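Residue-level structure breakdown
Below are the chains, spelled out letter by letter.
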Amino acid sequence: MGKVWKYGDGVNTDLIFAGKYTYTLREAEEIAAHALEDLDPNFGKSAQAGDVIVAGRNWGNGSSREQAVTCLKTKGIAAVVAKSFGRIYFRNGINQGLLLITCPEAVDAAQAGDTIEIDLAKSVVRLNEREFSFPPLSPTAASIIEAGGLIPHVRRKLGITSTESMPVGSGE
């Protein structure tokens with residue numbers, strides 16, 4: 001269970017993570033410290049692990065900047081619930097293990113500061129004593145999210161422990 005951080009339509013990757021930091025910040029914690037700073041200066045200081053972003057249409061449109069996902073995941077954001085997502089952001093989110101849910105009804109009902117809970121097994125968002133259904137994730141996407149991202153998912157599938165390196169093709 002977490003707190004709702006609510007934003008509107010068209011929040012692009014530059015508002016989620018400013019491009020001016022793309023090549024200067026490398027550590028995940030540094031990246032997380034600048035999450036949403038141009039949109040909501042309080043977010044970086046106040047958001048807690050388990051909180052959920054609730055947003056309007058086309059969350060994450062714009063560039064393919066991975067830091068726009070990394071900053072939220074490292075901050076501990078449990079999920080982003082939106083009316084819709086930018087296509088590239090959605091793919092980056094799944095690949096990095098950030099839960100992204102399309103549920104317009106929950107977005108319309110949510111207010112900043114509300115308590116929110118996501119039941120992935122039942123495909124339900126619980127908000128203000130109401131439940132909102134969302135389409136279940138595909139089995140592959142659910143497995144990637146559960147593993148914490150695409151790389152851990154592939155390691156698991158290949159039976160590789162975190163201390164082993166992944167096999168690389170011969171290039172021939």
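Heads up: the structure comes first, above all this text.
Residues numbered from 1 in each chain as written. Predicted model: local features only at pLDDT ≥ 70, side-chain atom pairs only at ≥ 80, totals over all residues. Heavy atoms only, no water.

**Comments concerning the overall build of the protein**
Rule in force here: Only DSSP runs of H or I reaching four residues or more are called helices, and only runs of E reaching two or more are called strands; each is numbered from the N terminus. Note on method: radius of gyration uses C-alpha positions; expected globular size equals 2.2 Å times residues raised to 0.38. Only protein chains enter the calculation, and the probe is 1.4 Å; a residue is then buried if its accessible area is under 20% of its type maximum, exposed if over 50%, and partly exposed in between. Here a residue-residue contact requires only that any non-hydrogen atoms of the pair lie within 4.5 Å.
Within the protein, the secondary structure is distributed over 8 helices and 7 strands. Against the compact-globule benchmark of 16 Å for 172 residues, the protein has a radius of gyration of 16 Å, which places it among compact chains. Dimensions of the protein, computed from C-alpha atoms along their principal axes, come out at roughly 55 × 40 × 25 Å. Taken across its 172 residues, the protein has 43% of its residues classed as buried. For the protein, restricting intrachain contacts to residue pairs at least 6 apart in sequence, the fraction spanning at least 24 positions comes to 64%.

**A closer look at the sheet that holds strand 6 (residues 124–127)**
Inclusion rule: Pairing between strands is defined by DSSP: at least two bridges between the two strands are required. Lines fitted to the C-alpha atoms define the axes, with helices restricted to the stretch that makes contact. Angles between their N-to-C directions range from 0 to 180 degrees.
Here we have 7 strands laid out as an open sheet, ordered 4-3-2-1-5-6-7, and mixed in their pairing. Only two strands of the sheet have a single neighbouring strand rather than two, namely strand 4 (99–102) and strand 7 (130–133). For this sheet, the mean inter-axis angle between neighbouring strands, taken without regard to orientation, is 30°. Pairing analysis gives 4 bridges linking strand 6 to strand 7, with the strands arranged antiparallel. Note on strand 7: the bridge partner recorded for arginine 126 is glutamate 131.

**Let's talk about the packing of helix 7 (residues 139–147) against helix 8 (residues 150–158)**
Inclusion rule: Should an angle fall under 35 degrees it is called roughly parallel, over 145 degrees roughly antiparallel, and 65 to 115 degrees roughly perpendicular, with every other angle called oblique. Residues were grouped as follows: Ala, Val, Leu, Ile, Met, Phe, Trp, Tyr, Cys and Pro as nonpolar; Asp, Glu, Lys and Arg as charged; and all remaining residues, including Gly, as polar.
Packing of helix 7 against helix 8 brings their axes to within 7 Å, and their N-to-C directions diverge by 100°. Compared by their axis directions, helix 7 and helix 8 come out roughly perpendicular. Counted together, Ser143, Ile144, Glu146 and Ala147 of helix 7 and Leu150, Pro152, His153 and Arg156 of helix 8 form the full contact between these two elements. Across the contact of helix 7 with helix 8, the residue classes tally to 4 nonpolar, 2 polar and 2 charged.

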